[in-house]
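Residue-level structure breakdown
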Amino acid sequence: MRPGVDAPDHRGRTGLDRAGRDLSRNPDVVIRDVELTSQGWHVLRRTTFDYRRRDGAWETQQRETYDRGNGAVVLPYDAERGCVLLTRQFRYPAYVNGHPDGMLVEAAAGLLDEDDPLTAVRREAAEELGVTLTDVTPVMDVYMSPGSVTERLHFYAAPYTPADRTGTGGGVPEEGEDIEVLEVPFAEALSMTRDGRVTDGKTVLLLQWAALDGPFSASSAFPRPS
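Here's what I pulled together on the structure shown here. (Residues numbered from 1 in each chain as written. Predicted model: local features only at pLDDT ≥ 70, side-chain atom pairs only at ≥ 80, totals over all residues. Heavy atoms only, no water.)

Observations concerning the nonpolar core
For soluble globular proteins, the rule of thumb is that nonpolar side chains tend to be buried together. Within the largest apolar cluster, 25 residues are counted, with the highest numbers of intra-cluster contacts made by Val-73, Leu-75, Val-84, Leu-86, Leu-206 and Leu-207. At the level of elements, β4 (71–78), β5 (83–90), β9 (152–159), β10 (180–185), α3 (186–195) and α4 (201–212) are the ones that each hand at least two residues to this core. In terms of residue count, α4 provides more of this core than any other element does, 5 residues in total. In this structure, Ala-72, Ala-120, Val-131 and Leu-133 belong to the second largest nonpolar core, which totals 16 residues. (Core = buried A, V, L, I, M, F, W, Y, C linked by side-chain atoms within 4.5 Å. Buried < 20%, exposed > 50% of the residue type's maximum accessible area, 1.4 Å probe, protein only. Helix = DSSP H or I, 4+ residues; strand = E, 2+ residues; numbered from the N terminus.)

Overview of the layout of surface pockets
Each pocket or cavity is described by its volume, and for the largest pocket that value is around 1,300 Å³. Lining of the largest pocket is provided by 34 residues; of these, Arg-68, Arg-91, Leu-111, Glu-151 and Lys-202 occupy positions nearest its centre. Those elements that provide at least two residues to the lining of the largest pocket are β4, β5, α1 (92–96), β6 (103–106), β7 (108–111), α2 (117–129) and α4. Take the lining of the largest pocket: its biggest share by element is 4 residues, from α2. When its residues are assigned to classes, the lining of the largest pocket shows 13 nonpolar, 7 polar and 14 charged. (1 Å grid on protein atoms, 1.4 Å probe; cavity = no way out; pocket = protein on both sides within 12 Å on 5 of 7 lines; lining within 4 Å. Points joined across faces, edges and corners; volume = space filled by probe spheres on them. Nonpolar A, V, L, I, M, F, W, Y, C, P; charged D, E, K, R; others polar.)

Focus: the pattern of salt bridges
Enumeration over the complete set of coordinates arrives at 23 salt bridges. Between Glu-35 and Arg-46 there is a salt bridge, and its shortest N-O distance comes to 3.5 Å. In this pair, Glu-35 sits in strand β1 (residues 29–39) while Arg-46 sits in strand β2 (residues 43–52), placing the two residues 11 residues apart along the sequence. We classify Arg-46 as partly exposed; its relative accessible area is 26%. Note that Arg-88 and Glu-180 form a salt bridge whose closest N and O atoms lie 2.9 Å from each other. (Salt bridge = Lys/Arg side-chain N within 4 Å of Asp/Glu carboxyl O.)

Section: the packing of aromatic side chains
On inspection of all chains with the given rule, the structure shows 3 aromatic pairs. Seen from their ring centres, Tyr-77 and Phe-216 are 6.3 Å apart, and the 75 degrees between their planes marks the pair as edge-to-face. Of this pair, Tyr-77 sits in strand β4 while Phe-216 is found in the segment after α4, placing the two residues 139 residues apart along the sequence. Overall, the relative accessible area of 22% leaves Phe-216 in the partly exposed class. Residues Phe-90 and Tyr-95 carry aromatic rings whose centres are separated by 5.4 Å and whose planes lie at 65 degrees to one another, so their mutual orientation is edge-to-face. By relative accessible area, which is 42% here, Tyr-95 ends up partly exposed. (Phe/Tyr/Trp six-rings, centres within 6.5 Å; stacked < 30°, edge-to-face > 60°.)

Points about the environment of Val-204
By the element assignment, Val-204 lies in helix α4. As a C-alpha pair, Val-204 and Arg-2 span 202 residues in sequence and 41 Å in three-dimensional space. If near-sequence neighbours (up to four positions away) are discounted, Val-204 is found in contact with Thr-193 and Val-198. (Contact = heavy atoms within 4.5 Å.)

Some remarks on a nonpolar patch on the surface
Residues Phe-90, Tyr-92, Tyr-95, Val-96 and Met-103 make up a contiguous nonpolar surface patch of about 510 Å² in total accessible area. When residues in the nonpolar patch are grouped by element, the largest group, 3 residues, is from α1. Position of Met-103 relative to the elements: it lies in strand β6. (Patch = residues over 30% accessible without salt bridge, like charges linked within 9 Å, V, L, I, M, F, W, Y side chains within 5 Å. Areas by Shrake-Rupley, 256 points an atom, 1.4 Å probe, with all protein chains shown as cover.)

This is a description of form; function is not addressed.
Printed below as a string of structure tokens:
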């Protein structure tokens, strides 16, 4: 019996090797086999498929995919005071790959788990930032690392006022979170994307969007706190 395949793994999951086997939307891709190579909290698979190249020739390829579920991220902004809410937390993958101390400045984000994206992003804002968001606007959906990670990230923005900061934030200690809440002038936050103080992709995207098309653009039609 194989945990996660034909026997429950530590999270009670079976059939993890079935993901992708029924895909038929692209006639140039034929799935041949899906192997489960790791099933920790998230799932690593090795998929073998036939791919028809642009010249018509078929070739067999293998790809490993890391499935951690989809996620959501939000940029709370106070356009009247000209600031945004961000987080700072330790990220080991960045630390081991050249970041000086692994302490990344980011927009609040998290996995959907069993929630829809809007519910998840409000949950993460409350847990990480201590802010209650009501008027949440969808911005974009993005595959952040499509070469190996299946995750699709749902981007949102939302106005807030000081009165909406109803908690202390900081994340969930039981989940190993130790998050510092940062209220940053928007001009400074945007500058941080240029000088390397902000190197997180989702955060760079949201801050640049806010400057070009969002609440801090010259022709913004986004809601401002009353």
